[in-house]
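Below, each chain spelled out in residue letters.
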Amino acid sequence: STKAVILVGGPSRGTRFRPLSLDVPKPLFDVAGHPIIEHCLSAITKVPEIKEVFIVGYYDESVFRDFIKDSAKEFPHISLKYLREYQALGTAGGLYHFRDAILKGNPDRFFVLNADVCCSFPLGEMLRLFEDKDAEAVILGTRLSSAEAATNFGCIVSDAHTKRVLHYVEKPESPISSLINCGVYLFSTECIFPSIRSAIKRRTERPRLVSYPSSENLESSFYAEQADDDGEDKQEVIRLEQDILSDLADSRQFFVLETRDFWRQIKTAGSAVPANALYLQKAWQTESTRGDLAQPSANIIPPVYIHPSAHVDSSAKLGPNVSVGPRARIGAGARIKEAIVLEDVEVRHDACVLYAILGWSSKVGAWARVEGTPTPMTSHSTSIIKNGVKVQSITILAKECAVGDEVRVQNCVCLPYKELKRDVANEVIM
Ligand code: GDD
Ligand code: GTP
């Protein structure tokens, strides 16, 4: 049988998702009308042989409780549990720590999904490749426009004919390949746990080089050093990407499924807007989900999602790629496109919202404009250069912000509870 693990990280991660992650953990943020993690889960539930799914992270126990309850109703044939790491153990450390739970019932293999990616999750195709090749591991890959752009991700060098992974380097310093790691894997249980065990063993046997902590892995390095101090039997941070995958490439039956479907990372708060667009487009193209979206009309340019409890004036024009959350109210003559409108937001008459996220209970005044700047659909970044300064291309209002009547807000990130009474551009409003 097959199981699946969704890696969610914890409260110290997702800092680039601020200010939205101040109010909700990133995996639970709504994109295209559903929490980010639900898009992963719903893909997993389409693989008939998966009966058990684990969410692994170091958020508090209570964080996923409601989500798990709701999912049990929606997917009654799946057992979904949250497994909490007592501290950040790294992407492989978490799997290893909970190996007994994963191995129970002797599954032959299991999927691992990074919660913070948006894609079509072609898990069925990964399974087929796994079986065809009698693989020990399959990784989902996607091709970027250049090897240069790929250096922000894990890079894969593969044999075009056999699809074998020859070489894997996490965020290489110089370009090696334009094929990148999508953060979705299928591992044979027989191969992955021994690989992690030998990585741990190698660590404790040879003196460790603790790299200088960058702001991103400060916490993991801290724990790694602490574990060193406390003796050898303590868990360390073990990462799939740095500690396991390159070894697999050297010696194992490791293959890559290259997807030609959409794929994006959800890192910055602004990246929720392209993810929203891609998931809405997918729902629109799928017969079974199309009905969940708003019907096209003179004022609805699909795809648009409107929560049943939201109220949208019939003279407001919405779309494409707009999600409107519970109890939001959109006034007459308003224009919204490429945007996420969260719960209890009010957009008053004739306001214009483009390339933006409106946070919970925010208010946009009459004739106001809240707008970001479009980035090319092929771009994997949501920042742009304005007057020589890097700014977010998506305008974000955090929770309970208020934009006055006729005020224009352009390429700004606005922290919670701010009131904007005059025009602002290219600023972080604190
Ligand atoms: N449970 C748990 N414990 N989860 C973790 C931990 C941990 O200690 N650390 C990270 N995660 C989760 C994150 O929440 C995320 O879902 C995933 O693991 C990977 O996060 P990062 O370690 O921050 O890596 P990254 O996102 O910069 O890069 C990874 O994903 C890219 C694709 O989006 C790598 O796998 C890259 O190679 C890949 O290209
Ligand atoms: P199309 O007819 O499909 O091109 O839509 P549109 O005319 O609404 O324009 P588009 O989708 O390209 O982008 C929205 C544009 O609407 C903005 O660039 C504004 O110029 C304009 N706009 C600004 N404020 C308002 C407003 O209050 N109501 C409406 N309806 N439009 C506005």
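Before reading further, recall that the structure is shown in the block above.
Q: Outline the overall build of the chain, listing residues and values.
A: Summing up its helical and strand segments, the chain has eleven helices and 32 strands in all. Here the chain has a C-alpha radius of gyration of 22 Å; the compact-globule value for 430 residues is 22 Å, and the two agree. Judged by the C-alpha coordinates and their principal axes, the chain covers about 65 × 45 × 45 Å. Residues classed as buried in the chain amount to 53% of the 430 residues present. Put simply, 57% of the contacts in the chain that link residues at least 6 apart link residues at least 24 apart. Surface accessibility of the chain: about 19,500 Å² in total, with carbon and sulfur atoms responsible for 48%.

Q: Just give me the short version of the pairing of strand S10 (residues 165-170), but keep the residues and values in it.
A: On any regular strand, side chains alternate: one points to one face of the sheet, the next to the other face. Here strand S9 (residues 154-158) pairs with S10 via five bridges, running antiparallel. Bridge pairing in S10 links Ile156 to Tyr168.

Q: Describe the pattern of salt bridges, listing the residues and the values that go with them.
A: Scanning all chains against the criterion turns up 20 salt bridges. Across the salt bridge formed by Arg327 and Glu343, the nearest N and O atoms sit 2.9 Å from each other. Here Glu343 lies in the loop between strand S19 (335-341) and strand S20 (346-347) and Arg327 lies in the loop between strand S17 (322-324) and strand S18 (329-330), a separation of 16 residues in the sequence. The partner of Lys421 in a salt bridge is Glu419, with the nearest N and O atoms 3.8 Å apart. Relative accessible area serves as the criterion here: at 55%, Glu419 is assigned to the exposed category. Taken together, the shared-partner salt bridges in this structure form one network comprising Lys3, Glu52 and Lys81.

Q: So what's going on with the sheet that holds S18? Which residues, and what values?
A: In a beta sheet, neighbouring strands pair by backbone hydrogen bonds and run either parallel or antiparallel. On the basis of which strands lie adjacent, the open sheet formed by six strands has the order S15-S18-S20-S22-S27-S30 and parallel pairing. The open sheet has two edge strands, strand S15 (311-312) and strand S30 (419-420), and neither has a second partner.

Q: Report on the nonpolar core, specifying residues and quantitative values.
A: Ranked by internal contacts, the top residues of the largest apolar core, which has 76 residues, are Phe29, Phe121 and Ile357. Looking at this core, the element that brings in the most residues is helix H10 (residues 272-285), giving eight residues. Dropping the residues within four chain positions of it, Ile357 is found in contact with Leu20, Phe29, Ala269, Ala272, Val273, Ile340, Leu342, Ile394, Thr395, Ile396 and Leu397.

Q: Lay out the site of ligand 2 with the relevant residues and their values.
A: Surveying the vicinity of ligand 2 reveals the residues Lys317, Gly333, Arg335, Lys337, Asp350, Ala351, Cys352 and Arg369. Lys317 places a side-chain nitrogen or oxygen 2.9 Å from an oxygen atom of ligand 2. Between ligand 2 and Arg335 there is a distance of 2.5 Å, counted from an oxygen atom to a side-chain nitrogen or oxygen. A total of 620 Å² of accessible area belongs to ligand 2 in isolation, and the protein chains cover 49% of it. The residue makeup of the shell around ligand 2, split by class, is two nonpolar, one polar and five charged.

Q: Give a description of the site of ligand 1 that names residues and reports values.
A: Around ligand 1 sit 28 residues, and of these Arg13, Glu85, Glu170, Asn181 and Lys267 come closest. The contact in question runs from an oxygen atom of ligand 1 to an N or O atom on the backbone of Gly154, over 3.0 Å. In the complex, the protein chains occlude 94% of the 740 Å² of accessible area that ligand 1 would expose alone. Elements supplying a minimum of two residues to the shell around ligand 1: strand S1 (2-9), strand S4 (50-57), S10, strand S11 (179-188) and strand S13 (263-265). Class assignment of the residues belonging to the shell around ligand 1 gives a composition of 13 nonpolar, eight polar and seven charged.

Q: I'd like to hear about the pairing of strand S5 (residues 79-84), residue by residue, with values.
A: As paired strands, S4 and S5 are joined by six bridges and run parallel to one another. Bridge assignment links Ile55 to a residue of S5, and that residue is Tyr82.

Q: So, the environment of Val53: which residues are in play, and what are the values?
A: Considering the arrangement of structural elements, one finds Val53 in strand S4. The spacing of Val53 and Ser198 is 145 residues in sequence and 26 Å in space, taken between C-alpha atoms. With near-sequence residues (within four places) excluded, Val53 lies in contact with Ala4, Ile6, Leu41, Ile44, Ile78, Ser79, Leu80 and Lys81.

Q: Give me unusual backbone geometry: which residues, what numbers.
A: Most peptide bonds take the trans form, and the phi angle of most residues other than glycine is negative. Residue Pro303 follows Pro302 across a cis peptide bond; omega there is 0 degrees. One can find Pro303 in the loop between helix H11 (287-290) and strand S14 (304-306). Here Phe121, not a glycine, exhibits a phi torsion of approximately 45 degrees, which is positive. Position of Phe121 among the secondary structure elements: in the loop between strand S7 (117-119) and helix H5 (123-133). A residue is classified by how much of its surface remains accessible, and Phe121, at 5% relative accessible area, is buried.

Q: Could you give an account of the packing of aromatic side chains, naming the residues involved and the relevant values?
A: On inspection of all chains with the given rule, the structure shows nine aromatic pairs. Considering the side-chain rings of Tyr59 and Phe64, the 5.7 Å spacing of their centres and the 80 degrees angle between planes classify their relative orientation as edge-to-face. Judged by relative accessible area, which is 0%, Phe64 ranks as buried. Note that Arg99 overlies the ring of Tyr96, its terminal NZ or CZ placed 4.0 Å from the centroid. One cation-aromatic arrangement involves Arg290 over Trp284; the distance from NZ or CZ to the ring centre is 4.0 Å.

Q: Which residues make up the packing of helix H7 (residues 189-205) against helix H9 (residues 240-251), and what are the values?
A: As a packed pair, H7 and H9 sit with axes 10 Å apart at the nearest point and diverge in direction by 115 degrees. The element H7 and its partner H9 pack so that their crossing is right-handed. Every residue of H9 that contacts H7 at Cys191, Ile192, Ser195, Ile196, Ala199, Arg202 and Arg203 is listed here: Leu240, Asp243, Ile244, Asp247 and Leu248. Class assignment of the residues belonging to the contact of H7 with H9 gives a composition of seven nonpolar, one polar and four charged.

Q: I'd love a proper account of the packing of helix H1 (residues 36-44) against helix H2 (residues 65-74), names of residues and values included.
A: Where H1 contacts H2, the two axes come as close as 12 Å, and the packing angle between them is 35 degrees. The two elements H1 and H2 cross, and the hand of that crossing is right-handed. Contacts between H1 and H2 involve Ile37, Glu38 and Leu41 from the former and Phe67, Ser71 and Glu74 from the latter. Its residues assigned to classes, the contact of H1 with H2 shows three nonpolar, one polar and two charged.

What counts and what doesn't
- Residues numbered from 1 in each chain as written.
- Chains lettered and ligands numbered in written order.
- Predicted model: local features only at pLDDT ≥ 70, side-chain atom pairs only at ≥ 80, totals over all residues.
- Heavy atoms only, no water.
- Helix = DSSP H or I, 4+ residues; strand = E, 2+ residues; numbered from the N terminus.
- Rg over C-alpha atoms; globule rule 2.2 N^0.38 Å.
- Buried < 20%, exposed > 50% of the residue type's maximum accessible area, 1.4 Å probe, protein only.
- Contact = heavy atoms within 4.5 Å.
- Areas by Shrake-Rupley, 256 points an atom, 1.4 Å probe, with all protein chains shown as cover.
- Pairing = 2+ DSSP bridges.
- Salt bridge = Lys/Arg side-chain N within 4 Å of Asp/Glu carboxyl O.
- Core = buried A, V, L, I, M, F, W, Y, C linked by side-chain atoms within 4.5 Å.
- Near = heavy atom within 4 Å.
- Polar contact = N/O pair within 3.5 Å; in protein donor to acceptor, adjacent residues only side chain to side chain.
- Nonpolar A, V, L, I, M, F, W, Y, C, P; charged D, E, K, R; others polar.
- Phe/Tyr/Trp six-rings, centres within 6.5 Å; stacked < 30°, edge-to-face > 60°.
- Lys NZ or Arg CZ within 6 Å of the ring centre and 35° of its normal.
- Axes fitted to C-alpha atoms, helices over the stretch in contact; angles between N-to-C directions.
- Left-handed = near helix turned anticlockwise from the far one by under 90°.

The values reported here are purely geometric and, on their own, carry no functional implication.
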